[in-house]
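Take a look at the letters that make up each chain.
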Amino acid sequence: MKPSFSPAHDLAVIGGGIVGLATAMTWLQTRPGSRVTVLETEARVGQHQSGHNSGVIHSGIYYQPGSEKALLCREGKTKLEAFCEKHGIRWEKCGKVVVATDPSELSSLERIIERADLNGVEFRRITTDQLRQLEPSVAGVDAIVVPETGIVDYRSVCDAYRHCIEEMGGSVQLGFQVRRLDADDSGVRMAGVDHNQSSGKFDIQARSAIVCAGLHSDTLVRQSESDASPSDTNSSSEEVRIIPFRGEYYELRPERRGLCRNLIYPVPDPAFPFLGVHFTRMIDGNVECGPNAVLALAREGYRWRDIDVRYLQRTLGYSGFRRLIQKHWRKGLGEMNRSLRKSAFVTALQKLIPELRASDLIPARAGVRAQAVRANGELVDDFLFRSTPNVTHVLNAPSPAATASLAIARRVIEQHQNQNPNL
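As the structure is a computational prediction, the values presented were derived from the model and not from experiment.

> Before we go on, may I ask you to explain the overall build of the protein chain in this structure?
Looking only at helices and strands, the protein chain has 10 helices and 20 strands in total. The globule rule puts the C-alpha radius of gyration for 423 residues at 22 Å, and the 22 Å found for the protein chain is close to it. Dimensions along the principal axes, computed over C-alpha positions, put the protein chain at roughly 70 × 50 × 40 Å. For the protein chain, with 423 residues in total, the buried portion stands at 57%. Of the roughly 17800 Å² of accessible surface on the protein chain, 48% is carried by carbon and sulfur atoms. For the protein chain, the centre of its 53 positive side-chain charges and the centre of its 49 negative side-chain charges are spaced 3 Å apart.

Structure (C-alpha cells):
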C-alpha cells in the first residue's frame, strides 16, 4: 500500500475499552492540542472485557517478578486509585484472603508469598483462627491476607476516561467498526462500517494509530503486518492468535451475602493458566462467585448459543489451540462440566465455603477473555505489545489490564514513540 495521506487526526485509537480510553487520555495529557479520536464498535465504551470483569483493583501478587504484568500492575494500581480519588469515583481498599484448602496447595502458597515479596506487595500470613475472624465461613489450612487489594466499578472508570478525553478536545466515535487497517511510513487509513447510519461506511486517516481491539486484536495486527516489510515485524517467527474464553458467574442471594465479607481467592493451580473460582464482593454490594473458563464459540460468545461457525472452525483448526487442548484437556472438561452442571460449580465453590448450597446461588453475568495463544500451544502469560510502521498493537491484555490501564497507556505510548520517532 502506497497511499497519499492527508491525515485528519494525529492519533487514532482503535478500541473504546479501558486500555484504549486510557491511552487516548494519556496521549492528550502529555500532548495538549493533539487531534485524537477513539473508534469503538459498540454503542457505549467499556462494553466487553472492561465492563464484564470482577471489578477488582489487583495488587500484583500473582505475577512473575519483573514481568510487564507485575510492573505495570503495581504502577497502574497507584495511578488508578489517584484517578478515582480525583474524579470522585467510588472505590474501596477492602483486602482479600488467598486460602489453601488442602495441604497439597501449601507449596503453591509459598510460591505466591515469594512473588509477593519480590513484587513489593503488602501481605501477611495468618492463622486459621485469624482467617475465621476475617471470613467466618471460609475453610482453609493456611492463608495470607492482602490488605491493599480493592474494588471499583470499571464502567464508571471508562466513562470518566471518556469524559476527560472529550474535555481535552479529543473525540470518541461510537458505532465505528474498523474492518480494514492499512499503514505505511506516511500514515494510517482505517475503513469500516458506521453503525449509526444504514449502510454507512467510514474512511478515516491519521498520522498514526494505537490498536487496543481486544478480541479482534489479532485480525488487525495481521493486516498492518501485511503492509510492513519483513524487517519491521517478527510475526513470521511467532504466530499469535486470540482465543476467546468465557467466564461464567453466579451471585449470592441477597440474604446469603454474609457468607463473603470481602474477596476470597483460592491458591491458583500452577499447571493451569486461570485462577479458579473465587468470591468477590462488588462495589455495589453484590457478591459474585466464579468464574469458570470455557471456550467461547464466537468472539463475543457470552452464551453457549452464541455461535460463529466460521470463527469456530478457524479456532479449532489453529495448531496452537489444538496443542493447548492436548495439554489441558482434563482441566478443560472440568470447566465445561461446571458450566453445564450447577452442582459441579457449587462443589468447586464449597472448597472455600463448605456451607454454601445450590439454593444460595442465582445466575449472573458472563465475560469473555481475549487470550493470546502461541502456535506451540502456550498461553501468552504476559502483556504483549507489537509495533509496525505508525501502528502499535496491544495484542494481549488480560487481567490485570483494567487495574494497570494507565500504566499500560504510558508503556504503549513510549513504545509507539520509540518505534516512530518522527511523530
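From this point, things continue past the structure.
> What exactly am I supposed to notice about the pattern of salt bridges here?
Pairs may arise between side chains of opposite charge once their charged atoms sit close together. Under the definition given, this model contains 27 salt bridges. One salt bridge in this structure joins Arg-314 and Asp-218, with 4.0 Å as the shortest N-O distance. Of this pair, Arg-314 sits in helix α7 (residues 309–316) while Asp-218 sits in helix α6 (residues 217–227); the two residues are 96 residues apart in sequence, bridging distant segments of the chain. Judged by its relative accessible area of 26%, Arg-314 falls in the partly exposed class. Here the salt bridges do not stand alone but share partners, grouping Arg-74, Lys-77, Glu-81 and Glu-148 into one network.

> Looking at this model, I keep getting lost on the layout of surface pockets. Mind explaining?
With a probe scaled to a water molecule rolled over the atoms, the places where space remains empty come into view. By volume, the second largest pocket is sized at about 360 Å³. Along the wall of the second largest pocket there are 21 residues; nearest its centre are Phe-245, Leu-295, Ile-325, Gly-332 and Met-336. Elements represented by at least two residues in the lining of the second largest pocket include exactly β17 (294–295), α7 and α8 (319–340). Tallying contributions element by element places α8 first for the lining of the second largest pocket, with nine residues. Across the lining of the second largest pocket, the residue classes tally to 18 nonpolar, two polar and one charged.

Definitions and cut-offs
- Residues numbered from 1 in each chain as written.
- Predicted model: local features only at pLDDT ≥ 70, side-chain atom pairs only at ≥ 80, totals over all residues.
- Heavy atoms only, no water.
- Helix = DSSP H or I, 4+ residues; strand = E, 2+ residues; numbered from the N terminus.
- Rg over C-alpha atoms; globule rule 2.2 N^0.38 Å.
- Buried < 20%, exposed > 50% of the residue type's maximum accessible area, 1.4 Å probe, protein only.
- Areas by Shrake-Rupley, 256 points an atom, 1.4 Å probe, with all protein chains shown as cover.
- Lys, Arg positive; Asp, Glu negative; His and termini not counted.
- Charge placed at Lys NZ, Arg CZ, Asp CG, Glu CD.
- Salt bridge = Lys/Arg side-chain N within 4 Å of Asp/Glu carboxyl O.
- 1 Å grid on protein atoms, 1.4 Å probe; cavity = no way out; pocket = protein on both sides within 12 Å on 5 of 7 lines; lining within 4 Å.
- Points joined across faces, edges and corners; volume = space filled by probe spheres on them.
- Nonpolar A, V, L, I, M, F, W, Y, C, P; charged D, E, K, R; others polar.

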